[in-house]
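Residue-level listing of the chains:
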Amino acid sequence: MTIGIIIKFKDGVVLACDSQATAGGGAPYKKSTSKLEQLDTYHGLVLAGAEPISRQVTYMLREQLQKEQKADTAKIADMTSDLMSSLYRTYATRFGKDAVGIAGELPSELLIGGWDENGGPQIYAVSSPGIFSPVDDFGLIGSGTFYAGTIMKKEFFPNMPGNRAQFLATRAVVEASEMDPYVGGKIRMATIHPRFQGFLEIPDYAEQRFKPQVEELATLIRKWEDDLFGRDESNP
């Protein structure tokens with residue numbers, strides 16, 4: 001129950017997500033949780049679904065990456081898929097079920113973003129019980145995907161500047177949080193850019209820099225609609 005977004009921009013990727021936790025029964029509650037994780041200098045991920053599984057996969061992946069020499073995003077996605085598959089098989093054996101059945105009961109999703117020396121910005125999606133695939137321009141995971149996707153499909157364009165991608169990611173998270181009760185809390189955002197330290201997250205940057213711009217845009221749209229249609233409610 002979340003919204004996680006990764007967008008390709010001209011020279012890198014933007015990762016963004018909400019931070020609202022969800023109780024075991026599926027009820028939202030006002031507790032913050034981390035859904036955005038750095039993997040190495042040039043890779044990070046956002047996670048959704050069954051938190052114990054997605055977090056354990058992330059932890060094991062970080063351990064493996066410490067032994068790897070400059071793994072590219074495709075390799076990291078492949079490693080993630082293997083780890084997730086192994087974990088679901090372990091749960092299946094423990095509970096006397098098959099891995100697909102466990103994945104249906106405890107679904108998890110990871111969206112991996114990175115910058116590769118030979119391939120530039122990259123995005124891969126990994127979903128239970130270990131299926132992975134490349135993503136072209138932007139990826140979305142979590143319960144807020146439908147609402148955020150509406151904004152993304154209308155406003156995304158290839159090779160957009162980094163600040164425009166950050167604004168769009170913020171706008172999409174805000175849209176999802178307004179429509180989906182399971183999405184909320186502070187927006188976390190990071191960029192991965194070859195010229196700016198690789199993975200970079202500035203605390204509260206989306207909240208302080210871009211969220212006010214999203215609110216200002218909404219006000220301007222309402223004003224434009226008032227000017228266009230007027231305020232006369234007597235007409236049918």
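Residues numbered from 1 in each chain as written. Predicted model: local features only at pLDDT ≥ 70, side-chain atom pairs only at ≥ 80, totals over all residues. Heavy atoms only, no water.

Undergrad: Sorry, what's going on with the nonpolar core here?
TA: Of all hydrophobic cores here, the largest spans 25 residues; its most connected members are Ile3, Ile5, Ile7, Leu168 and Met189. Only β1 (4-8), β2 (13-17), α4 (145-155), α5 (162-179) and α6 (205-229) provide two or more residues apiece to this core. Every residue in contact with Ile5, bar those within four places of it in the chain, is listed here: Val14, Leu15, Ala16, Val46, Leu111, Gly139, Leu140, Ala148, Ala169, Ala172 and Val173. Residues Leu65, Tyr88, Tyr91 and Ala92 belong to the second largest nonpolar core, which totals 24 residues. (Core = buried A, V, L, I, M, F, W, Y, C linked by side-chain atoms within 4.5 Å. Buried < 20%, exposed > 50% of the residue type's maximum accessible area, 1.4 Å probe, protein only. Helix = DSSP H or I, 4+ residues; strand = E, 2+ residues; numbered from the N terminus. Contact = heavy atoms within 4.5 Å.)

Undergrad: Would you mind going over the sheet that holds strand β11 (residues 188-193) with me for this structure?
TA: Picture the strands of a sheet paired through backbone hydrogen bonds; they go either parallel or antiparallel. With respect to topology, five strands assemble into an open sheet ordered β10-β1-β2-β11-β12, the strand pairing being antiparallel. Looking at which strands have only one partner, the edges of the open sheet turn out to be β10 (138-141) and β12 (198-200). Averaged over all pairs of adjacent strands, the angle between strand axes in this sheet comes to 10°, irrespective of strand direction. Note that β2 and β11 share five bridges and pair antiparallel. Considered in β11, the bridge of Val13 is made with Ile192. (Pairing = 2+ DSSP bridges. Axes fitted to C-alpha atoms, helices over the stretch in contact; angles between N-to-C directions.)

Undergrad: Before we go on, may I ask you to explain a nonpolar patch on the surface in this structure?
TA: Residues Trp224, Leu228 and Phe229 make up a contiguous nonpolar surface patch of about 410 Å² in total accessible area. Structurally, the position occupied by Leu228 is in helix α6. (Patch = residues over 30% accessible without salt bridge, like charges linked within 9 Å, V, L, I, M, F, W, Y side chains within 5 Å. Areas by Shrake-Rupley, 256 points an atom, 1.4 Å probe, with all protein chains shown as cover. Salt bridge = Lys/Arg side-chain N within 4 Å of Asp/Glu carboxyl O.)

Undergrad: Help me understand the sheet that holds strand β7 (residues 108-116), please; the structure alone is not making it clear to me.
TA: An order of β5-β6-β7-β8-β9 is seen for the five strands of this open sheet, with the pairing classed as antiparallel. Edge strands, defined here as strands with exactly one partner in the open sheet, are β5 (36-40) and β9 (131-134). Strand-to-strand, the axes of this sheet are offset by a mean angle of 25°, without reference to chain direction. Sheet analysis places strand β8 (residues 120-127) next to β9, joined by four bridges and oriented antiparallel. Within β9, the position partnered with Val126 by the bridge is Phe132.

Undergrad: When you look at the packing of aromatic side chains in this model, what are you seeing that I'm missing?
TA: Two aromatic rings are characterised by how far apart their centres lie and by the angle between their planes. In total, this model carries six aromatic pairs according to the counting rule given. Relative to Trp115, the ring of Tyr42 has its centre 5.7 Å away and its plane inclined at 50°; by these criteria the two rings are tilted. One end of the pair, Tyr42, is in the loop between β5 and β6 (43-49); the other, Trp115, is in strand β7, and 73 residues separate them in sequence. Its relative accessible area of 22% is what places Trp115 among the partly exposed residues. Taking 6.2 Å as the distance between ring centres and 20° as the angle between the ring planes, the aromatic pair formed by Tyr91 and Phe95 counts as stacked. (Phe/Tyr/Trp six-rings, centres within 6.5 Å; stacked < 30°, edge-to-face > 60°.)

Undergrad: Would you take a moment to explain the environment of Thr145 for this structure?
TA: In this structure, Thr145 sits in helix α4. Between the C-alpha atom of Thr145 and that of Ala176, which follows or precedes it by 31 residues, the distance is 7.4 Å.

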